[in-house]
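The chain contents come next:
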Amino acid sequence: MSQRKSSFAPVVDEHTRVLILGSLPGERSLAEQRYYAHPRNLFWQLVGEVIGQDLAAMGYEDRLSRLLRSGIGLWDVVGSGRRQGSLDSAIREVKANPLGELVEGLPQLRAVAFNGQKAATLGQRLLAERAPELLRLPSSSPAYAAMRREEKQKHWLALRDFLETPRAEGH
């Protein structure tokens, strides 16, 4: 029988402009208690290119700090669920995180981005009327091999539009 697995605490602050939501941490991430710990997961490379930082070369705490300073927050749609292995398709008995409450407490939030299909499918229902903009991104997971890294990067770079400080009218 599959074990019940739980997500980590959200990484956000009052300056979060983009919230990236995954589905549920995989086995490697759970073992290390770190977001996107699998060495073949492209998350740190993709989001690093969005903010112009080599996040993959940094220590974990520095990565999180750089994300927050850049206006990016992290969390997962699934608060807990049963899953054998790390595949999103194996997630069962989902208990969602309180995404609506989190989103409503982020005064500068401009977009919620879903890292992969499962996160988007579950999360869009929960946030349909509560988030300013919802974006579906191709999964950074090594299990999603249908799209080349370069193509994934093009989609992820769209996050830059939501991180830029809005200019005052007439300037």
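Refer to the structure printed above.
No experiment lies behind these values; they were computed from the predicted model shown.

K.L.:
Looking at this structure, I do not really get the pairing of strand β7 (residues 134-137). What am I missing?
P.N.:
Side chains on a regular strand alternate between the two faces of the sheet. Residues Leu135 and Leu137 of β7 are buried on one face, while the alternating residues Leu134 and Arg136, pointing to the opposite face, are not. As defined by bridge partners, strand β6 (residues 111-115) adjoins β7 across 4 bridges and the pair is classed as parallel. Opposite Phe114, over in β7, you have Arg136 as the bridge partner. Between the parallel pair β6 and β7, the chain is carried across by helix α5 (residues 117-127), and the sense of this crossover is right-handed.

K.L.:
Please explain the packing of aromatic side chains as it appears in this structure.
P.N.:
Any two aromatic rings considered together are summarised by their centre-to-centre distance and by the angle between their planes. Overall, the coordinates contain 6 aromatic pairs when judged by the stated rule. For the ring pair Phe8 and Tyr35, a centre distance of 5.2 Å and an interplane angle of 85 degrees mean the geometry is edge-to-face. Taken together, the residues Phe8 in the loop between β1 (3-6) and β2 (18-22) and Tyr35 in the loop between α1 (27-32) and α2 (43-51) connect sequence positions 27 residues apart. Here the two residues Phe8 and Tyr35 agree in accessibility, since each one is buried. With a centroid separation of 5.7 Å and an interplanar angle of 80 degrees, the aromatic rings of Phe43 and Trp156 are classed as edge-to-face. With Phe43 in helix α2 and Trp156 in helix α6 (residues 149-156), this residue pair connects regions lying 113 residues apart in the sequence. Classification of Phe43 as buried rests on a relative accessible area of 0%. Aromatic rings pair up to connect Phe8, Tyr35, Tyr36, Phe43, Trp44, Tyr60 and Trp156 into one cluster.

K.L.:
Got a minute to help me understand the sheet that holds strand β5 (residues 92-96) in this structure?
P.N.:
Sheets are built from strands that pair by backbone hydrogen bonding, the pairs being arranged parallel or antiparallel. Strand order in the open sheet formed by 3 strands is β1-β4-β5, with antiparallel pairing between adjacent strands. Since the sheet does not close on itself, it has two edges, and those belong to β1 and β5, each with one partner. Neighbour-to-neighbour, the strand axes of this sheet turn through a mean angle of 15 degrees, independent of strand direction. As paired strands, β1 and strand β4 (residues 78-83) are joined by 4 bridges and run antiparallel to one another. Within β4, the position partnered with Arg4 by the bridge is Arg82.

K.L.:
Is there a simple way to explain the sheet that holds β7 in this structure?
P.N.:
A sheet is described by the order of its strands in space; here 4 strands give the open sequence β3-β2-β6-β7, paired in parallel fashion. Edge positions in the sheet fall to β3 (72-76) and β7, since each of these pairs with one other strand and no more. Averaged over neighbouring strand pairs, the angle between their axes works out to 25 degrees when direction is ignored. Sheet topology note: the β2/β6 ladder contains 4 bridges and is parallel. The residue bridging Leu19 from the neighbouring strand is Val112, located in β6.

About the cut-offs
- Residues numbered from 1 in each chain as written.
- Predicted model: local features only at pLDDT ≥ 70, side-chain atom pairs only at ≥ 80, totals over all residues.
- Heavy atoms only, no water.
- Buried < 20%, exposed > 50% of the residue type's maximum accessible area, 1.4 Å probe, protein only.
- Helix = DSSP H or I, 4+ residues; strand = E, 2+ residues; numbered from the N terminus.
- Pairing = 2+ DSSP bridges.
- Right-handed = clockwise from strand over helix to strand, strands pointing away.
- Phe/Tyr/Trp six-rings, centres within 6.5 Å; stacked < 30°, edge-to-face > 60°.
- Axes fitted to C-alpha atoms, helices over the stretch in contact; angles between N-to-C directions.

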